[in-house]
Amino acid sequence: MHISAKADYATRALLELASDPGRPLSCEAIASSQEIPFRFLKSVVGELRRAGLVRSRRGCEGGYWLGRPAEEIALLDVVRAVDGELITLRGAPLGGLEYPGPAAGLPGVWRQVESDASAVLGGLTLAALLPAGARAQPSAVGAA
């Protein structure tokens, strides 16, 4: 299996945003903190924005925030936002894959791998990946 640099960088950027959801971060700050090439991160963040996983605002008070709460963003959402299909075979989805003769059972194995990976990634949210105490509690922000 191959995990793309885009998926890794996208997840790391989102975790950086999730660690302090009350304030925006610039791409420069995320790239520096996570040691991600800035130009590559800019394009990845653009894909995350189009998928609704981040939102942005220009200007002095601008930057990037999570598009929805960290508890509602699964790793599967991130991978699909930047890579499309979770697993492909020679660039094609596994859905209609069929082999003749002795290899007839192999497509089922590939589909099971895809299903299992989807279950793992779909069951892990950004919030679950944050170290204990790393995320500011939304209920504490602005509380009197």
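Our structure's up above, just so we're on the same page.
Owing to the predicted nature of the structure, the values given are computational and were not obtained by experimental measurement.

Novice: Whenever I open this one, the nonpolar core confuses me. Can you help?
Specialist: Taken as a class, soluble globular proteins show a tendency for nonpolar side chains to be buried jointly. Counting 36 residues, the largest nonpolar core has Leu14, Leu17, Leu48 and Leu66 as its most contacted members. Counting only elements with at least two residues in this core, the list comes to helix H1 (5–18), helix H2 (27–34), helix H3 (38–50), strand S2 (63–66), helix H4 (75–83) and helix H5 (106–122). Ranked by residues supplied to this core, first place goes to H1 with 8 residues. With near-sequence residues (within four places) excluded, Leu14 lies in contact with Leu48, Leu53, Val54, Leu66, Val78 and Leu126.

Novice: Sorry, what's going on with the environment of Leu66 here?
Specialist: Note on placement: Leu66 falls in strand S2. Here Leu66 falls in the buried class, since its relative accessible area comes to 9%. Sequence spacing of Leu66 and Gln112 is 46 residues, and the spatial spacing of their C-alpha atoms is 32 Å.

Novice: How should I be thinking about a positive patch on the surface in this particular structure?
Specialist: A contiguous patch of positive charge, built from Lys42, Arg49, Arg50 and Arg58, is present on the exposed surface. With respect to the helices, strands and loops of the structure, Arg50 is situated in helix H3.

Novice: Got a minute to help me understand the pattern of salt bridges in this structure?
Specialist: Where charged atoms from two side chains of opposite charge approach closely, those side chains can pair. Per the counting criterion, the structure on display carries 4 salt bridges. As a salt-bridge pair, Asp8 and Arg12 come within 3.1 Å of each other at their nearest N and O atoms. Remark: Arg12 and Asp8 occur in helix H1; sequence separation between them is 4 residues, near one turn of the helix. Exposure remark for Asp8: the relative accessible area of 34% places this residue in the partly exposed category. On the accessibility criterion, Arg12 (22% relative accessible area) is partly exposed. Where Asp20 meets Arg23, a salt bridge forms, and the shortest distance between an N and an O atom there is 2.7 Å. Arg23 sits in the partly exposed class, given a relative accessible area of 44%.

Novice: Even after reading the chapter, I still don't get the layout of surface pockets, so can you show me in this structure?
Specialist: Empty space left among the atoms is revealed by rolling a probe the size of a water molecule over them. Considering only enclosed or pocket space, the largest pocket measures out at about 410 Å³ in volume. Residue lining of the largest pocket: 17 residues in total, with His2, Ile3, Ser4, Val79 and Leu86 positioned closest to the centre. Broken down by secondary-structure element, the contributors of at least two residues to the lining of the largest pocket are H1, H4 and H5. Class assignment of the residues belonging to the lining of the largest pocket gives a composition of 10 nonpolar, 4 polar and 3 charged.

Reading the values: rules and limits
- Residues numbered from 1 in each chain as written.
- Predicted model: local features only at pLDDT ≥ 70, side-chain atom pairs only at ≥ 80, totals over all residues.
- Heavy atoms only, no water.
- Core = buried A, V, L, I, M, F, W, Y, C linked by side-chain atoms within 4.5 Å.
- Buried < 20%, exposed > 50% of the residue type's maximum accessible area, 1.4 Å probe, protein only.
- Helix = DSSP H or I, 4+ residues; strand = E, 2+ residues; numbered from the N terminus.
- Contact = heavy atoms within 4.5 Å.
- Patch = residues over 30% accessible without salt bridge, like charges linked within 9 Å, V, L, I, M, F, W, Y side chains within 5 Å.
- Areas by Shrake-Rupley, 256 points an atom, 1.4 Å probe, with all protein chains shown as cover.
- Salt bridge = Lys/Arg side-chain N within 4 Å of Asp/Glu carboxyl O.
- Lys, Arg positive; Asp, Glu negative; His and termini not counted.
- Charge placed at Lys NZ, Arg CZ, Asp CG, Glu CD.
- 1 Å grid on protein atoms, 1.4 Å probe; cavity = no way out; pocket = protein on both sides within 12 Å on 5 of 7 lines; lining within 4 Å.
- Points joined across faces, edges and corners; volume = space filled by probe spheres on them.
- Nonpolar A, V, L, I, M, F, W, Y, C, P; charged D, E, K, R; others polar.

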